[in-house]
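# Fold and geometry: a report
Each chain, written out:
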Amino acid sequence: MNARHLFLAAWIIALLVLPYLGMMAHAEEPYQGPEPAMGEEAVQKLNEIMNSNKISQQTKTCLSCHIQYTPGIVYQWLNSAHAQHPAKDAAELYKAIGAEEWIDKISPKFKDYDKVVGCYECHGMYADKNRPDVVNHFGFNIVTVVTRKDCGQCHPKENAEISWTWHATGALHAPFLPWYKGILTYAAKKLGANPFGDENAKKLYEEYFPPYLTKQRDKEPVYWNFYEKIAKAVYDYFNGKATDEDMKVINMLKEATGMITPYDLDFKKWISPLWPASGELNTTVLLHNNISIVVTTMGQKTETVYNPMSHSWFRNAYIYHACLECHGSLVMPYKAETVNVKGLQVTRMHYWGWPSNGAARVDPDGSIGTCTACHDRHQFSLKQARKPWTCGRCHLGYDHPHIEIYEESAHGNIENAYGEHWNWERLPWRVGVDFNAPTCATCHMSTISVVDQNGNEKIVVEGTHDFLNRLVWNEMHFFATPKPIIPDKPQEGLFLHYNVLKGDMAAVMKAHQQLEKEGAPVKWPVFWGLEISEGYKPGEFGFPRMLNIKFTGELAQHREEMKKVCELCHSAQWTDNYFRTADQNMIDYDIVAHFAFNILQLAWKLGIQDKKNIIDEYMEFQWYYIWHHQGRRWRNGAFMMGPDYAHWFGIVDTMDALMKMVEYFDMALKVKALKMEIAALKGQAGGAPYQPGLATQIAQLQQQLQALQAQLEALQAQVPALAEKLSKLETDFSQSAMQTQESIAEVKESVQQLLAEIKQLAEQLPAGPQKEAIQKMLADIEQTLNKIQALQAQVQKAASSAEEAKKAAEEAKETASAAHEKATELSKEVKDLRSSVEGMAKAAFTLGVIAIVIALAAAVVAVMYKRK
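If you're wondering where the values come from, they're calculated on a predicted model, not measured in any experiment. (Residues numbered from 1 in each chain as written. Predicted model: local features only at pLDDT ≥ 70, side-chain atom pairs only at ≥ 80, totals over all residues. Heavy atoms only, no water.)

When the sulfur atoms of two cysteines share a covalent bond, that bond is a disulfide. Going through the model one piece at a time under the given rule, you end up with 1 disulfide. One disulfide bridge connects Cys326 with Cys394, the sulfur atoms lying 2.4 Å from each other. The sign of the S-S torsion, about -105 degrees, decides the handedness of the disulfide formed by Cys326 and Cys394: left-handed. Taken as a pair, Cys326 in helix H16 (residues 318–327) and Cys394 in the loop between helix H18 (388–392) and helix H19 (402–408) lie far apart in primary sequence, 68 residues in all. The class for Cys394 is partly exposed, based on a relative accessible area of 28%. Counting only cysteine sulfurs, Cys371 is the nearest neighbor of Cys151, a cysteine outside any disulfide, at a range of 3.8 Å. Cysteine Cys443 remains unbridged, with the sulfur of Cys566 as its closest cysteine sulfur at 6.2 Å. Relative accessible area serves as the criterion here: at 17%, Cys443 is assigned to the buried category. (Disulfide = S-S within 2.5 Å. Helix = DSSP H or I, 4+ residues; strand = E, 2+ residues; numbered from the N terminus. Buried < 20%, exposed > 50% of the residue type's maximum accessible area, 1.4 Å probe, protein only.)

Have a look at this one:
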């Protein structure tokens, strides 16, 4: 046999053996998550690991005790990848996903650590040794709260990336915004902290701020280091051991925020259009009319109040559940004590703001954002994090129904049909092999690979925990704008001098130009690059009449990253066309949003609505629904393949709210004009008795005014339809009921004013049929007011008693119907009312495999030579 024959034989063997070796390699790869052990298998598995040298002695001690007291979390940990792999295997994870550059950033204490990641490794080998919440727990110094900084010791890439997202800053932008903003403003304006200033100003900025403006995006993790000082100072202060340094922090907090902790005021005086407690529960309508309501709660506390929040026992407790469970809390340790727990003397730390697994939790070591929002303790399952409903726990509901839209889409339908057969734990995730349709994680985060017919694997989409890396639009706020570079809106306002949420792109570009002049490290306020041009001309054959949107800079990179995911299943043409039409929806929405907001601004300017509380009047509510509810559903539905949400719950509901704004605005203008005309005629009379002609003219104007006022009454008093619509919201019934009550109160106020005015005019009319007719109208209006008063009582009952809400709602509907019928009867006496009453309408192969093939080929060659 000659050399040529040997060469061909080797290649034939390689071709025959390689695919099978590839399958064997993938089947035995170390990056596959464990299958959960249940039943007797779990007991045996725990016994085996406790009698092995895989775990540290400290963790064995923890487990031997906790198996008796908290067995649930012991077995959850037992089924985790942490219980199967030594900490040093974190390096293998980065090799698997093609991110080897992060290996050197793994903490030295864990780089060569050969024990699995257990209780002690997380709770006792915490990153920051200066934390105020460390306690001695049976001889071990441990912390209760494991933070993002702690997880980042083994997972530096994910730690850095997540810190640049709204998932890390959401608590500071929502419930705690006034407290946080007070500290930042004080540090900037009084202490001189400035990332664009001199060296001292930059140093102060690094000290007091989460330093987004001086760090590299996705390369360096961001922490709010000053919060670590706050946590220590607060703990020392409340335990009588505050140092001079602590008192500096305490005094700064008092001066900057008016309080020490953000929990001091029970969130009662903080205004945000997102919170029910800032709108109908905090209304000032009754206060303006010097009206108060006597409220007795729990049969013990009676107070006279002008709104529910005025009652001293009302504490906004819903925030701890409705807000903090998604947005996260500020975790503040305030007292350590030794207590008897199940017969043991246990030293433990007490915290404010705990428990909380909200995505943007702020922890005592200055970590902002938490890993456990998606990777639930203590199993930290990759499978669970990839499941759609992990995201759906927060991304759901009337205002951001992402999970509902996903379930409606073809993607969600496929996952529902075949998801149980998927390989949820594999890294990287192989498209078509491990899964056959995208989930939230697939599109926004996952490292995705493709496998060819020979089993060769190649990573085609790099993974990320920065959720902006594949997004271009901000779909959650007032207007359609590109995603901002930093997630910290207060810093945008202080140092970049703009707010992208206002939709003023000219201001954004001006801020960008100023930053370039100053040589700032952040070159763009947003991931800028947006050019819009006309598409095909009328009559020209081509794509439907959509505008051309060209993304440049990082926005273009973000769109290409998302398209890589789409094109793993869809053609490039399909993908391009889909995004083009979806992008056009952003432009369409932006036009509608600016139109609606400008009407509201005009209403504020003309005194039709009062800007003092921006969400307690009719037009303000409709604008809130447009940007926070319907407009979001419209945009989210368009991009996530949810036609029902794009149409019925989106643009249709958006237009409904817009027309309500327009109709209310129109009628209010007419009422305003008629009142002015009547006032002018009264002035013309100069206080003298009205002449017959003047009296008739006044009576006619009064009749027109009454007709218009009745239209406003009919618009706002159709409570059954409004209640039915609001009951579908993913908020509690009391919010809906109080909103309804607000609308009724406005109607009542308007009718009362009209009643008083007509009474005054009637007194000046001479006796006769005309005066008697007006007096009869007055009696009818007073009866309608009594009906409205009864309706208010019914709605108040529904808002204050959840158990009787349904029954009270039905009674409210019946009462409203009665009031509506009375208004209809009254309308028969007013010529133009009937036509105006309208109803209110939702790895590639490894070198080892090649080596095996070469070895086998060499063996065959040796045999063939021997035979020869």
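Attention shifts here to helix H24 (residues 553–566). In this model, H24 (14 residues) spans 21 Å end to end at C-alpha, consistent with the 20 Å of a helix rising 1.5 Å per residue. Taken residue by residue, H24 has Leu555, His558, Arg559, Met562, Lys563, Val565 and Cys566 as its buried positions. An end-on view of H24 places all buried positions within 150 degrees of arc, on one side of the element. (Expected span 1.5 Å × (residues − 1). Arc of directions from axis to C-beta.)

To continue, consider the packing of aromatic side chains. One pass over the structure, following the stated rule, counts 36 aromatic pairs. Ring centres of Tyr205 and Phe495 lie 5.6 Å apart, and the angle between their planes is 85 degrees; this geometry places the pair in the edge-to-face category. In this pair, Tyr205 sits in helix H12 (residues 199–208) while Phe495 sits in helix H22 (residues 489–496), placing the two residues 290 residues apart along the sequence. Taken individually, Tyr205 and Phe495 each receive the classification buried, so the pair is uniform in this respect. When the ring of Trp422 is compared with that of Trp424, the centres are 4.9 Å apart and the planes differ by 35 degrees; the resulting orientation is tilted. This pair shows no difference in class: Trp422 is buried, exactly as Trp424 is. (Phe/Tyr/Trp six-rings, centres within 6.5 Å; stacked < 30°, edge-to-face > 60°.)

Attention now goes to a nonpolar patch on the surface. A cluster of nonpolar residues, Leu602, Leu606 and Leu669, forms a patch on the protein surface that exposes about 210 Å² of accessible area. Among the structural elements, Leu602 can be located in helix H25 (residues 572–606). (Patch = residues over 30% accessible without salt bridge, like charges linked within 9 Å, V, L, I, M, F, W, Y side chains within 5 Å. Areas by Shrake-Rupley, 256 points an atom, 1.4 Å probe, with all protein chains shown as cover. Salt bridge = Lys/Arg side-chain N within 4 Å of Asp/Glu carboxyl O.)

Turning next to the pairing of strand S5 (residues 332–341). Pairing analysis gives 9 bridges linking S5 to strand S6 (residues 344–352), with the strands arranged antiparallel. Within the sheet, the bridge partner assigned to Lys335 lies in S6 and is His350. Linking S5 to S6, which pair antiparallel, is a turn of 2 residues; within it Lys342 sits at a positive phi near 55 degrees. (Pairing = 2+ DSSP bridges.)

Where H25 meets helix H26 (residues 618–639), the axes come as close as 10 Å, and the angle between the chain directions of the two elements is 180 degrees. The angle between H25 and H26 falls in the class roughly antiparallel. Of the residues assigned to the contact of H25 with H26, the class counts are 20 nonpolar, 2 polar and 4 charged. (Axes fitted to C-alpha atoms, helices over the stretch in contact; angles between N-to-C directions. Parallel < 35°, antiparallel > 145°, perpendicular 65-115°, else oblique. Nonpolar A, V, L, I, M, F, W, Y, C, P; charged D, E, K, R; others polar.)

Our next topic: the side chain of Thr257. Secondary-structure assignment places Thr257 in helix H14 (residues 244–257). Polar contacts involving the side chain of Thr257 include one to the main-chain carbonyl oxygen of Leu253, which spans 2.6 Å. Those residues in contact with Thr257 that lie beyond four places of it in its chain are Trp179, Gly182 and Ile183. (Polar contact = N/O pair within 3.5 Å; in protein donor to acceptor, adjacent residues only side chain to side chain. Contact = heavy atoms within 4.5 Å.)

Turning our attention to the pattern of salt bridges. Taken as a whole, this structure holds 26 salt bridges when the rule is applied. Here Asp246 ties to Lys232 by a salt bridge, and the two come within 3.3 Å at their closest N and O atoms. Highlighted residues: Asp246 in helix H14 and Lys232 in helix H13 (residues 225–238), separated in sequence by 14 residues. Lys232 sits in the partly exposed class, given a relative accessible area of 34%. For Asp656, the salt bridge is made with Lys660, and the minimal N-O distance between the two is 3.0 Å. Within this pair, Asp656 and its partner Lys660 are both found in helix H27 (residues 643–685), separated by 4 residues, close to a single helical turn. In this pair, the class of Asp656 matches that of Lys660, namely buried.

Moving on: the nonpolar core. Ranked by size, the top nonpolar core spans 100 residues in total, and within it Trp179, Phe209, Trp224, Tyr227, Ile230, Met619 and Trp623 carry the most contacts. By residue number, the principal contributor to this core is H25, which donates 12 residues. Not counting residues up to four positions away in its chain, the partners in contact with Phe209 are Leu184, Ala187, Ala188, Ala193, Tyr223, Trp224, Gln491, Leu494 and Phe495. Ala90, Phe110, Val117 and Tyr120 belong to the second-largest nonpolar core, a separate cluster that totals 17 residues. (Core = buried A, V, L, I, M, F, W, Y, C linked by side-chain atoms within 4.5 Å.)

Here we take up the sheet that holds strand S7 (residues 429–430). Neighbouring strands of a sheet are bound in pairs by backbone hydrogen bonds; such pairs are parallel or else antiparallel. Strands sit in the order S7-S8-S9 across an open sheet of 3 strands; the sheet is mixed. The open sheet has two edge strands with one neighbour each: S7 and strand S9 (457–461). Relative to S9, strand S8 (residues 448–451) runs antiparallel, the two being bridged by 4 bridges. Pairing of Ile448 across the sheet is with Val461, part of S9.

Let us now look at the environment of Ala168. Here Ala168 is to be found in helix H10 (residues 166–173). Linking Ala168 and Asp488, residues 320 residues apart in sequence, is a C-alpha distance of 9.5 Å. Ignoring anything within four residues of it in the chain, the contact list for Ala168 reads Ile162, Ser163, Tyr212, Ala360, Ile368 and Gly369.

Along the chain, Trp634 falls in helix H26. Residue classification places Trp634 among the buried positions, given a relative accessible area of 2%. A sequence separation of 12 residues divides Trp634 from Ala646, and the C-alpha atoms of the two residues are 4.1 Å apart. If we skip the residues at most four places from it in the chain, Trp634 touches Asn585, Asp588, Tyr589, Val592, Tyr645, Ala646, Gly650, Ile651 and Thr654. A polar atom in the side chain of Trp634 sits 2.9 Å from the side chain of Asn585.

For H26, with 22 residues, the first-to-last C-alpha span of 30 Å sits near the 32 Å given by 1.5 Å per residue. Across the 22 residues that make up H26, a large majority, 22, are buried. Just past H26, the residue Met641 takes up positive phi, approximately 65 degrees.

Across the junction of Arg377 and His378, the peptide omega takes the value -5 degrees, indicating a cis bond. Structurally, His378 can be placed in the loop between S6 and helix H17 (382–386). A cis amide bond links Leu427 to the next residue, Pro428, at an omega of -10 degrees. Following the sequence through the fold, Pro428 ends up in the loop between helix H20 (410–418) and S7.

A word on the side chain of His350. Counting through the fold element by element, His350 comes out in strand S6. Polar side-chain contacts of His350 include one of 2.6 Å to the side chain of Glu337. Apart from the residues within four sequence positions on either side, His350 is in contact with Met332, Pro333, Tyr334, Lys335 and Glu337.

Our focus in this paragraph is the packing of helix H11 (residues 177–189) against H22. Contact geometry for H11 and H22: axes closest at 10 Å, N-to-C directions at 25 degrees. In terms of orientation, H11 lies roughly parallel with respect to H22. Between H11 and H22 lies a crossing whose hand is right-handed. Facing H11, whose interface residues are Leu177, Tyr180, Leu184, Thr185, Ala188 and Lys189, H22 presents Pro490, Gln491, Leu494 and Phe495. (Left-handed = near helix turned anticlockwise from the far one by under 90°.)

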